[in-house]
Amino acid sequence: MEDKLLIWKFKHGSSDALCRIYEKYEDNMLTSAISLLNDLSAAEDVVHDVFVSFSQSADKLRLDGSLKGYLITSVVNLARDKIRARRRHSLALDKVNPVKSDVEPPSDSIIENEELQRLGYAMAQLPCEQREVIVLHLRGGMTFKAIAKSQGVSINTIQSRYRYGLDKLRSLLDSEVEK
Amino acid sequence: MRPAENIEKFIKRVRFKASTQMHERTLKDALEAQEQSRKTKSAEIGPSIWRIIVKSRITKLAAAAAIIVIAVLAINQFTSTTVVYGVTEVLELCKKAGTIHIQGRSFYPEFPEQNKAQQAVGFEVWLDIKNGLSRVKSAGRVTKDGQTTFNYYENVIDGHYRMRVDHFNKSITYYKLDEADKQKLIALDFDVQLKQMFGDPDQIEAYALIGSEEIDGLVYNIWQAEIQVDPDFETWLRIKIWLSPVTGEIGRVITRQSRDKVDWFRTYEIDKIERNMSFPDGLFETEPPVGYLAHNTKETPKEKRLSKSSWYGKEAAIAVYQGLALEDGSIIVVFSSTNRKSDGAWTTGDELADISQIEVFENLSPGGSLPELPIVVSALERKSLWRGKAVYVGRHLTYTQKDDRLYEWAIYVPTQKVQRSRTGYESFEAILRFNPPGLEASWNYKVGVFSGRRVDAKNFNTLLLKYMTDLCDDVLVPEDLTYENVLQLVQKIRNSLGE
């Protein structure tokens, strides 16, 4: 209900609503971006670019689902572009070494949240598609059906990606989360 | 194997707070982009409207009138600062409040032995956050001769002193506030109150609008959240908040608790919440009420250092002091214990000891076993509804002696990763070990830990060592007791627990 009011006000040019939307979803967007990229400064850039782009979209914005889902989907899409660009760059720099993971460990930007660090490293072990489904479902609150629609694949594929991804995360985080 | 469900909860729960720099940069750029987009749109619309006006004489007037109406509407829209208040906005308003007044009731569990249902106990909180003043009325449960009753207390902080008013015994006691306490105590109280009203701020998104209701002529939206307190606890809180969407005022808060989401028990009901209001005259005056006995004066205040609670059993007694939390989550707790005096009588306060226990302490080493006193706090157990269960294993750190009494300074290290407390004060259950075995405490013995002010490298000397000198004949504390050494010791203990 609150989001519907915010969207209505945002579409009518309210800067208060824009601020409110940002404050409400900033942390979630950033956490999602870190989960995907495992790099704080790259994640901050993604959230920045997504939100600046969102701020210009008032007249074009048509929401089918939730605002949160829309913003997290935007984060996922831009993070995917970043990962691809990074992979291309990495391959161009060194064609001899195989790329084991498309996510690099954080360099100069330190993620001070220990739990998020663990999650980031564990997520980095997953294929990009599984990572995205997990973020969209758990952090974006999107249904599998909505994710399937947005990614143009079947719901069964999405559910499989989610299940395989979660199984792997479980085995990676099993001892990490509690101890 | 960890259930998949818990991994899902973990991923949902993990949160990273954006830095202020990032927050400001993104918001600034977004607002500029929005403004630019708005101007571009206006520029695109402009000429077409103008063409309509100049097209014919009849439409000229009509279109001009339309433009005036649109302009008025647009000005209202773009310059309006009207906010529709939801839970998140009101939480932010509360966080920014300079003063706050809360009045309500907390509910205690049923007393089947007295055929009593849940019992309501009133509380009232006045906080002047900016100036560090407060007046808090609360109640404590007292069981005497098998009957449970409530004792009302008030704590008044006037910026220099804390006056504790005991309404049951009609007496007052003064405590002098040290510099660090002055603002901190109020901030911690404030934090607790916010949590009581809204639940865990991290779960604020769980709130949903479920309806509206008129109270005293004002319409309030009703927001409700059902929050699972912790993944390891099958305990749920249902918090309902009545908020005015127009003013952001809170009309009422009702909190229920359940273990099965079927039977909900009352926990808190708040029916008066004011923000940024002025205070009644004399509210923070620390003069004793008429007819109340003053245990001391402001000239002879009690030095409030580490608070202590004592337990007297048939054979032995123990006194445990408030715990101090270290930055890494481990906790230092001081305790002393003694046997019943040889004449069979108990004395009070610090005169308990009548035999020397020095032999018990002499061969102890830091990180090793605790002294085999008559009663030993062997471990601490946290059963926090908010942060879950955790066990902290006790090891010897050092000891002090004052007036023939020996004090164990023990360090308690968690056996698992623990979530840092955001509140100022935490309650732990003390796991007691008796020498000789066979005795049992008749109730759960609690240890309070002031997590709000953690012992770190900066305050180690001023905080921990200051407390230590209070419980030490010779003012000198062990030379090797430094912050770095304590942290190293904790790490060693952690490693040994892992093995």
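Computed from a predicted model, the values in this text were never measured in an experiment.

Q: Which residues make up the overall build of chain B, and what values go with them?
A: Regarding its fold elements, chain B presents eight helices and 22 strands. Across the 499 residues in chain B, those meeting the buried criterion constitute 45%. A sequence separation of at least 24 residues applies to 59% of the contacts in chain B between residues at least 6 apart. Of the accessible surface of chain B, which amounts to about 26,000 Å², a share of 52% is contributed by carbon and sulfur atoms.

Q: Explain the overall build of chain A to me, using residue names and the numbers behind them.
A: Assigned secondary structure in chain A consists of eight helices and zero strands. Taken from N to C terminus, the helices and strands of chain A fall in the order α-α-α-α-α-α-α-α. Within chain A, the fraction of its 179 residues that count as buried is 52%. Long-range contacts, defined here as pairs at least 24 residues apart, represent 65% of the contacts in chain A between residues at least 6 apart. When the accessible surface of chain A is totalled, it reaches about 8,400 Å², and 51% of it is carbon and sulfur.

Q: Let's hear about the packing of helix α2 (residues 15-37) of chain A against helix α6 (residues 128-139) of chain A: which residues, and what values?
A: Residue and element names in this part refer to chain A. Two numbers describe how α2 lies on α6: the axes approach to 10 Å, and their chain directions differ by 160°. Comparing the axis directions of α2 and α6 gives the class roughly antiparallel. Remark: the crossing between α2 and α6 carries right-handed chirality. Counting all contacts with α2, which are made through N28, T31, S32, S35 and L36, the residues of α6 involved are R131, E132, V135 and R139. A class-by-class count of the residues in the contact of α2 with α6 yields two nonpolar, four polar and three charged.

Q: Just give me the short version of the confidence of the model for chain A, but keep the residues and values in it.
A: Residue and element names in this part refer to chain A. Averaged over all residues, the pLDDT of chain A equals 76, while 79% of them reach at least 70. Note that pLDDT drops below 50 for residues 90-112; the model gives that stretch 35 contacts with residues more than four away or on any other chain. In the model, residues 175-179 has pLDDT below 50 throughout and makes nine contacts with residues more than four positions away in sequence or in other chains.

Q: So what's going on with the packing of aromatic side chains? Residues and values would help.
A: In the structure shown here, the tally under the stated rule is twelve aromatic pairs over all chains. When the centroid spacing of 6.0 Å and the interplanar angle of 70° are considered together, the rings of Y321 of chain B and Y407 of chain B count as edge-to-face. Placement of Y321 of chain B in strand β15 (residues 316-321) and of Y407 of chain B in strand β20 (residues 405-414) is noted, with a sequence separation of 86 residues between them. Each member of the pair, Y321 of chain B as well as Y407 of chain B, carries the same accessibility label: buried. The ring of Y164 of chain A has R163 of chain A lying over it, and the distance from NZ or CZ to the ring centre is 5.8 Å. Above the ring of W264 of chain B, the side-chain terminus of R238 of chain B is found at 4.2 Å from the ring centroid.

Q: Mind laying out α2 of chain A, listing which residues take part and the relevant values?
A: The largest bend along α2 of chain A measures about 50° and falls at Y25 of chain A. Measuring from the backbone nitrogen of D16 of chain A back to the side-chain oxygen at the start of α2 of chain A gives 3.3 Å, which picks out S14 of chain A as the cap.

Q: Explain the nonpolar core to me, using residue names and the numbers behind them.
A: With 61 residues, the main nonpolar core has I21, M29, F54, I134 and L169 of chain A together with I11 of chain B as its most contacted residues. Among the elements that line this core, the one with the most residues is α2 of chain A, at twelve residues. Residue contacts for I134 of chain A: discarding those within four places in its chain leaves M123, L126, R139, Y162, G165, L166 and L169 of chain A together with I11 of chain B. Formed by 31 residues, the second largest nonpolar core is a distinct cluster that contains V90, F123, W223 and A225 of chain B.

Q: I'd like a description of unusual backbone geometry, backed by residues and values.
A: Residues and elements named next belong to chain B. Although it is not a glycine, D216 adopts a positive phi angle of roughly 50°. Residue D216 is classed as exposed on the basis of its relative accessible area, which comes to 79%. Unusually for a residue other than glycine, N276 sits at a positive phi of about 50°. Mapped onto the elements, N276 comes out in the loop between β11 (265-275) and β12 (293-294).

Q: Report on the pattern of salt bridges, specifying residues and quantitative values.
A: All names here are of chain B. For the structure on display, the rule yields 18 salt bridges over all chains. We note a salt bridge from E269 to R105, for which the minimum N-O separation is 2.8 Å. Of the two residues, E269 is situated in strand β11 and R105 in strand β1 (residues 99-108); the sequence distance between them amounts to 164 residues. You can call E269 buried: its relative accessible area is 12%. For R105, a relative accessible area of 27% gives the class partly exposed. Here R105 makes a salt bridge to D271, at a shortest N to O gap of 2.8 Å. Remark: D271 occurs in strand β11 and R105 occurs in strand β1; sequence separation between them is 166 residues. Linked by salt bridges that have partners in common, R105, R256, E269 and D271 make up one network.

Q: Account for the environment of T255 of chain B, naming residues and giving values.
A: Residue and element names in this part refer to chain B. If you trace the backbone, T255 turns up in strand β10 (residues 250-258). Take T255: its relative accessible area is 4%, and that puts it in the buried class. As a C-alpha pair, T255 and R266 span eleven residues in sequence and 6.3 Å in three-dimensional space. The contact partners of T255, leaving out residues within four places of it in the chain, are Q196, L237, R238, I239, F265, R266, T267 and Y268.

Q: Before we move on, can you summarise the packing of α2 of chain A against helix α3 (residues 40-55) of chain A with the specific residues and values?
A: Residue and element names in this part refer to chain A. Interhelical geometry of α2 versus α3 gives an angle of 140° and a closest axis separation of 9 Å. Handedness of the crossing formed by α2 with α3: right-handed. Touching L18, I21, Y22, M29, L30, A33, I34 and L37 of α2 are L40, A42, A43, E44, V46, V47, V50, F51, F54 and S55, all from α3. Of the residues assigned to the contact of α2 with α3, the class counts are 16 nonpolar, one polar and one charged.

Q: Can you break down the environment of D216 of chain B residue by residue, with the values?
A: Mapped onto the elements, D216 of chain B comes out in the loop between β7 (208-215) and β8 (218-230). Between the alpha carbons of D216 of chain B and G251 of chain B there is a distance of 9.4 Å; along the sequence they are 35 residues apart.

Q: Which residues make up the side chain of E89 of chain B, and what values do they have?
A: With respect to the helices and strands, the residue E89 of chain B is situated in helix α4 (residues 87-96). Judged by relative accessible area, which is 10%, E89 of chain B ranks as buried.

Q: Report on the confidence of the model for chain B, specifying residues and quantitative values.
A: All names here are of chain B. Taken over all residues, the pLDDT of chain B has a mean of 77, while the share at 70 or more is 74%. Overall, residues 44-56 carries pLDDT values under 50, and its contacts beyond four positions in sequence, including any with other chains, amount to six contacts. A low-confidence stretch, residues 344-353 stays under pLDDT 50, and its non-local contacts, those more than four residues away or across chains, total 30 contacts. Here the prediction assigns the complex a pTM of 0.47, and the interface score ipTM is 0.80.

Criteria and thresholds
Residues numbered from 1 in each chain as written. Chains lettered and ligands numbered in written order. Predicted model: local features only at pLDDT ≥ 70, side-chain atom pairs only at ≥ 80, totals over all residues. Heavy atoms only, no water. Helix = DSSP H or I, 4+ residues; strand = E, 2+ residues; numbered from the N terminus. Buried < 20%, exposed > 50% of the residue type's maximum accessible area, 1.4 Å probe, protein only. Contact = heavy atoms within 4.5 Å. Areas by Shrake-Rupley, 256 points an atom, 1.4 Å probe, with all protein chains shown as cover. Axes fitted to C-alpha atoms, helices over the stretch in contact; angles between N-to-C directions. Parallel < 35°, antiparallel > 145°, perpendicular 65-115°, else oblique. Left-handed = near helix turned anticlockwise from the far one by under 90°. Nonpolar A, V, L, I, M, F, W, Y, C, P; charged D, E, K, R; others polar. pLDDT = per-residue confidence, 0-100. Phe/Tyr/Trp six-rings, centres within 6.5 Å; stacked < 30°, edge-to-face > 60°. Lys NZ or Arg CZ within 6 Å of the ring centre and 35° of its normal. Bend = angle between axes of the 7 residues up to and from the residue. Polar contact = N/O pair within 3.5 Å; in protein donor to acceptor, adjacent residues only side chain to side chain. Core = buried A, V, L, I, M, F, W, Y, C linked by side-chain atoms within 4.5 Å. Salt bridge = Lys/Arg side-chain N within 4 Å of Asp/Glu carboxyl O.

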